[in-house]
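What follows is each chain in one-letter form.
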Amino acid sequence: KLVWLREDDMRGGYYRPLFHHALEAALDGSGKLVGWHHRLVGQSILTGSPFEAMMVKDGIDHVSVEGASNLPYAIPNLLVDLHTPTDIGVPVLWWRSVGSSHTAYSTEVFLDEVAAAMGKDPVALRLELLTEHPKHAGVLKLVAEKANWGTPLKAAAGERRGRGVAVHESFNSFVAQVAEVTVKKDGSIKVDRVVCAVDCGTAINPDNIRSQVEGAVGFALSAALSGEITLKGGRVEQGNFDGYPLLRIADMPKVEVHIVPSTAAPTGIGEPGVPPLAPAVANAIAAATGKFLHKMPFNTSELVA
């Protein structure tokens, strides 16, 4: 029987690959979104694995660009390009929701920045761009309704509050989330409430769907707030929960899950609740402070009033 110490486990495992995203958008003379360029740089989890021959085509690791290359928004000129360095010695593997864990963050936060530049409501802009994707639009409309999107949030003295939204498809399921966030003067944040709308086909076990999405919210929020692994001299620096803190029960937001009635075949639910959480929270922070956070985990020092 082999029992690893926590330090062995943290320093001897596989990690989610580090990715860098660069995005540009173009508006025409009437203010319409007509161009989108998304460049990704990151380590492939498939290269060198038994899946490489099947899932890497023309040099493209498709799990690295899932959620970006199949962006649902109606943008007439779309370019997504991937650059995969091969000289990184960090062992990487799947992390809950795989490529969507970082592509949803980059695309959904950037779309809110585009909406701000256009002077449009983030939900309204998404619905304009989702006319050919009714399932995305369906969960987005439902979550906006259940979260009372557009109504003001009361804030105590010295606090700033905001709502943020994100919608994403993964594993053939569609999830939209609205986060309500409080930001204090010192930059610290508290996610107060997360409203989720889920379309995963026929709901065989609604309780299981709700519990999976609730767990996904806690998992993703923990990663967005404090889930950072750093290396020094080829060695992982974090060894236990003092350096890699997880979300505490007291910091878990209230989570509401609304399931779209459907007679379609059941689809995945173990992972799709993860991708929208971080961008929804980041967009809520931006709504409260005017500052978009471009890195995970969040650097809350940028939010000091």
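Since the model is a prediction, treat every value here as computed from it, not as a measurement.

Chemist: Just to check I follow, could you spell out the overall build of the protein for this structure?
Modeler: Tallying secondary structure elements over the protein gives eight helices and 11 strands in all. Taken over C-alpha atoms, the radius of gyration comes to 19 Å for the protein, in line with the 19 Å a tight globule of 305 residues would show. Overall size of the protein, expressed as C-alpha extent along the three principal axes, is 55 × 50 × 45 Å. Counting only residues that meet the buried cut, the protein has 46% of its 305 residues in that class.

Chemist: Help me understand the sheet that holds strand 2 (residues 33-42) in this model?
Modeler: Strands sit in the order 1-2-5 across an open sheet of three strands; the sheet is mixed. Two strands bound the open sheet, and with one partner strand each, they are strand 1 (19-27) and strand 5 (77-83). Across this sheet, the average inter-strand angle for adjacent strands is 10 degrees, counted without regard to direction. Bridge count between strand 2 and strand 5: seven bridges; the pairing is parallel. Each residue of the ladder has a partner; that of Leu40, found in strand 5, is Leu82. Contacts from helix 4 (residues 100-118) reach strand 1 and strand 2 within the one sheet, and its direction differs from that of strand 1 by about 30 degrees.

Chemist: What is the right way to look at the state of the cysteines in this model?
Modeler: Covalently bonding the sulfur atom of one cysteine to the sulfur atom of another cysteine gives a disulfide. This structure, assessed with the given rule, holds zero disulfides. Among the cysteines around Cys200, which has no disulfide bond, Cys196 carries the closest sulfur, lying 12 Å off.

Chemist: How do you make sense of the pattern of salt bridges when you look at a structure like this?
Modeler: A side chain with one charge may pair with a side chain of the opposite charge, provided their charged atoms come close. This structure, assessed with the given rule, holds 13 salt bridges. Salt-bridge contacts for Asp112 lead to Arg126; the nearest nitrogen and oxygen are separated by 2.7 Å. Pair noted here: Asp112 is in helix 4 and Arg126 is in helix 5 (residues 122-129), with a separation of 14 residues, a long-range link. When sorted by exposure, Asp112 lands in the same class as Arg126, which is buried. Overlapping salt bridges, with partners in common, bring together Arg161, Arg163, Glu180, Asp192, Arg193, Lys254 and Glu256 in one network.

Chemist: I would appreciate a short explanation of the packing of aromatic side chains in the present structure.
Modeler: Between two aromatic rings, the relevant description is the distance of the centres plus the angle of the planes. This model, assessed by the stated rule, comprises four aromatic pairs. For the ring pair Trp95 and Phe219, a centre distance of 4.9 Å and an interplane angle of 40 degrees mean the geometry is tilted. In this pair, Trp95 is assigned in the loop between strand 5 and helix 4 and Phe219 in helix 7 (residues 206-226), connecting sequence segments 124 residues apart. With centroids separated by 6.2 Å and ring planes inclined at 35 degrees, the aromatic side chains of Tyr105 and Phe298 adopt a geometry described as tilted. Remark: Phe298 occurs in the segment after helix 8 (277-289) and Tyr105 occurs in helix 4; sequence separation between them is 193 residues. Tyr105 gets classed as buried once you look at its relative accessible area, which sits at 7%. Positioned over the ring face of Trp95 is Arg16, at 3.9 Å from the centre of the ring. The ring of Phe219 carries Arg96 above its face, with NZ or CZ at 5.3 Å from the centroid.

Chemist: Any chance you could explain the pairing of strand 1 here in plain terms?
Modeler: Along any regular strand the residues' side chains alternate between the sheet's two faces. With nine bridges connecting them, strand 1 and strand 2 associate as antiparallel partners. In the sheet register, Ala26 faces strand 2, and the bridge partner there is Gly35. Between strand 1 and strand 2, which pair antiparallel in sequence order, lie five residues; one of them, Gly31, sits at a positive phi of approximately 85 degrees.

Chemist: Just checking my understanding: could you explain helix 6 (residues 134-146) for this structure?
Modeler: Structurally, the α-helix is built with 3.6 residues per turn, so residues lying three or four positions apart point the same way. The terminal C-alpha atoms of helix 6 lie 18 Å apart, and with 13 residues this matches the ideal 18 Å at 1.5 Å per residue to within 8%. Along helix 6, the positions that sit buried rather than exposed are His136, Ala137, Val139, Leu140, Leu142, Val143 and Ala144. Buried-residue contacts for helix 6 involve helix 5, strand 6 (160-170), strand 7 (173-183), strand 8 (189-199) and strand 11 (254-259). One or two positions beyond helix 6, positive phi appears at Asn148, with a value near 55 degrees.

Rules behind the numbers
- Residues numbered from 1 in each chain as written.
- Predicted model: local features only at pLDDT ≥ 70, side-chain atom pairs only at ≥ 80, totals over all residues.
- Heavy atoms only, no water.
- Helix = DSSP H or I, 4+ residues; strand = E, 2+ residues; numbered from the N terminus.
- Rg over C-alpha atoms; globule rule 2.2 N^0.38 Å.
- Buried < 20%, exposed > 50% of the residue type's maximum accessible area, 1.4 Å probe, protein only.
- Pairing = 2+ DSSP bridges.
- Axes fitted to C-alpha atoms, helices over the stretch in contact; angles between N-to-C directions.
- Contact = heavy atoms within 4.5 Å.
- Disulfide = S-S within 2.5 Å.
- Salt bridge = Lys/Arg side-chain N within 4 Å of Asp/Glu carboxyl O.
- Phe/Tyr/Trp six-rings, centres within 6.5 Å; stacked < 30°, edge-to-face > 60°.
- Lys NZ or Arg CZ within 6 Å of the ring centre and 35° of its normal.
- Expected span 1.5 Å × (residues − 1).

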